[in-house]
Amino acid sequence: MPAVPADERTPTTETRHTTDEAADRFRAAVEDRCPGLLPERDVPLLHASLLRLLDGGDDHAGRSALLRALGSAYRSFGLRSWHAAAIGAALLASPGVRWRRAWRLVERTAARVGDGPAWWAAEVIGHDRDVDGVAALTVRPWRRLPFRAGQAVPVCTPRRPGRWRWLSPANAPRANGTVEFHVRALAGGSVSGGLVHEVRPGELLHLGPPTDSGLELVDGADDVLLVAGGTGLAPLRALVEQVAATAHRRRVTLIVGSRTFADLYDAIALDMLQQAHDWLTIVPAFSADPEAEPGERGTALDLAAYHHRPEQHVYVCGPPAMLAAARRWLPIAGVPADRLHLPTLGCR
């Protein structure tokens, strides 16, 4: 069996102790220079996140999720430009240009975010895997998370401290405050793999502030065409729930792409939605299933072009290749640019 890169391994007890000790030293050093600046319970996550920013190991989407969390921490903790020296000295033996650049990135992000908590602790209360490699996690934040359907949330697991990833809730806000996330374990993805294969009910996750992703429902009564690939289904299912909760019963067509019937996840929830709402039409799209019905054969975008009507707003969410194809081909299929909505944060 090939060796697992250190970056992908589950943290050992020894590693966690070392990390905790480093965070304690960081907190003591900051406290010595700026008493009362940082909330003690938030220091370990702040410390890990700052180190991750300095490491620069994330892709663009992961880095933007990380910066969103740090920008909110900056505002929530009342940080200012003059705190850079104290925090940098506590974090690094010799802060230099790299630290100043990182701090400026955090400050720029903080200038674009609103006030509120830096992050929300959320207990995992459900972890289901009905398809191999995909998990549905239900979490209960200790304080209600103020999000809207279609938004994205930075998510971090203590199993991978400081690594933030965008996930979109698969539900509209619920009376009980719970939030459902859909996660696919990506090849080489330490965070996604941990969320799918390791996290269990009773563990805590940290949720950053919800952010507009480009998939929020446009006001009005226009019909909607939703096109999902993989776990891109999550924010689009949330939009269906939002429509169900509003007075406008606009007609909604949801196309759910999958290779085969066996690869289709969340089938039970989709069937319940279909039975509950006569204004909703759910169309599976099987790209590699010879037993599929004629109207269900093809990619999600193939069927989207067939089902598209001029008055619809079209929302697409899925893997990067699917989004690139949608951006190129759906306008050719007649979808106006101002009615085509694609995610802007790398969430899927």
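Details of the structure are given in the entry above.
On to the overall build of the protein. Tallying secondary structure elements over the protein gives 10 helices and 11 strands in all. Radius of gyration (C-alpha) of the protein: 22 Å, near the 20 Å computed for a compact globule of 348 residues. By its C-alpha atoms, the protein is 70 × 50 × 40 Å across when sized along the principal axes. Burial status across the protein gives 52% buried among its 348 residues. Intrachain contacts of the protein at a sequence separation of at least 6 include 73% that bridge at least 24 residues. When the accessible surface of the protein is totalled, it reaches about 16600 Å², and 53% of it is carbon and sulfur. With 40 positive and 39 negative side-chain charges, the protein shows a separation of 7 Å between the mean positions of the two kinds.

Glancing now at the nonpolar core. General note: in soluble globular proteins, nonpolar side chains tend to be found buried as a group. Counting 40 residues, the largest nonpolar core has Phe26, Leu38, Ile87, Trp99 and Trp119 as the members making the most contacts within it. Elements represented by at least two residues in this core include exactly helix H1 (13-33), helix H2 (43-55), helix H3 (60-76), helix H4 (84-91) and helix H5 (97-110). It is H3 that contributes the most residues to this core, 8 residues altogether. Non-local contacts of leucine 38, meaning those with residues more than four positions away in its chain, are made with Phe26, Val30, Val43, Leu46, Phe77 and Leu79. Counting 29 residues, the second largest nonpolar core, distinct from the first, contains Leu226, Val240, Trp279 and Ile282.

Now for the sheet that holds strand E10 (residues 313-317). Strand pairing in a sheet takes place through backbone hydrogen bonds and is either antiparallel or parallel in direction. Taken together, 5 strands build an open sheet; the order of strands is E9-E8-E7-E10-E11 and the sheet is parallel. The sheet is open, and its two borders are formed by strand E9 (280-286) and strand E11 (340-341), each paired with just one other strand. Direction of pairing for E10 relative to E11: parallel, over a ladder of 2 bridges. Its bridge partner lying in E11, tyrosine 315 is registered against histidine 341. Contacting strand E7 (224-229), E10 and E11, helix H10 (residues 320-329) runs over the sheet at an angle of about 155 degrees to E10.

As enumerated under the stated definition, the model contains 1 cavity of 30 Å³ or more in all. If you add up the space inside the largest cavity, you get close to 50 Å³. For the largest cavity, the full set of lining residues is Leu46, Leu50, Leu70, Ala73, Tyr74, Leu79, Ile87, Trp103 and Val106. With 3 residues, H3 is the single largest residue contributor to the lining of the largest cavity.

A word on the pattern of salt bridges. Summed over all chains, the structure comprises 14 salt bridges. For the salt bridge of aspartate 115 with arginine 75, the shortest nitrogen-to-oxygen distance reads 2.7 Å. One end of the pair, aspartate 115, is in the loop between H5 and strand E1 (120-131); the other, arginine 75, is in helix H3, and 40 residues separate them in sequence. What makes aspartate 115 exposed here is its relative accessible area of 68%. On the basis of relative accessible area, arginine 75 is assigned to the partly exposed category, the value being 33%. Between arginine 237 and glutamate 180 there is a salt bridge; the shortest N-O distance is 3.2 Å. Of this pair, arginine 237 sits in helix H7 (residues 233-244) while glutamate 180 sits in strand E5 (residues 179-184), placing them 57 residues apart in sequence. A single network of salt bridges, built from pairs that share partners, joins Arg174, Glu180, Arg237, Glu241 and Asp266.

Quick look at the packing of H2 against H5 now. Where H2 meets H5, the closest approach of the two axes is 10 Å, and the angle between their N-to-C directions is 115 degrees. At the point where H2 passes H5, the crossing takes the right-handed sense. Between H2 and H5, the residues in contact are Leu50, Leu53, Leu54 and Asp55 and Arg98, Trp99, Ala102 and Val106, respectively. Looking at side-chain class alone, the contact of H2 with H5 contains 6 nonpolar, no polar and 2 charged residues.

It is worth spelling out the sheet that holds strand E3 (residues 153-156) at this point. Pairing within the open sheet is antiparallel, and its 6 strands lie in the order E4-E3-E6-E1-E2-E5. Every interior strand has two partners, whereas the edge strands, strand E4 (165-167) and E5, have only one. Between one strand axis and the next, the sheet turns through 40 degrees on average, direction left out of account. Alignment of E3 against strand E6 (residues 204-207), held across 2 bridges, turns out to be antiparallel. Looking across to E6, one finds that cysteine 156 is bridged to histidine 206. The strands that H3 touches are E3 and E4; relative to E4, the one it contacts most, it runs at about 90 degrees.

Rules used in this analysis
- Residues numbered from 1 in each chain as written.
- Predicted model: local features only at pLDDT ≥ 70, side-chain atom pairs only at ≥ 80, totals over all residues.
- Heavy atoms only, no water.
- Helix = DSSP H or I, 4+ residues; strand = E, 2+ residues; numbered from the N terminus.
- Rg over C-alpha atoms; globule rule 2.2 N^0.38 Å.
- Buried < 20%, exposed > 50% of the residue type's maximum accessible area, 1.4 Å probe, protein only.
- Contact = heavy atoms within 4.5 Å.
- Areas by Shrake-Rupley, 256 points an atom, 1.4 Å probe, with all protein chains shown as cover.
- Lys, Arg positive; Asp, Glu negative; His and termini not counted.
- Charge placed at Lys NZ, Arg CZ, Asp CG, Glu CD.
- Core = buried A, V, L, I, M, F, W, Y, C linked by side-chain atoms within 4.5 Å.
- Pairing = 2+ DSSP bridges.
- Axes fitted to C-alpha atoms, helices over the stretch in contact; angles between N-to-C directions.
- 1 Å grid on protein atoms, 1.4 Å probe; cavity = no way out; pocket = protein on both sides within 12 Å on 5 of 7 lines; lining within 4 Å.
- Points joined across faces, edges and corners; volume = space filled by probe spheres on them.
- Salt bridge = Lys/Arg side-chain N within 4 Å of Asp/Glu carboxyl O.
- Left-handed = near helix turned anticlockwise from the far one by under 90°.
- Nonpolar A, V, L, I, M, F, W, Y, C, P; charged D, E, K, R; others polar.

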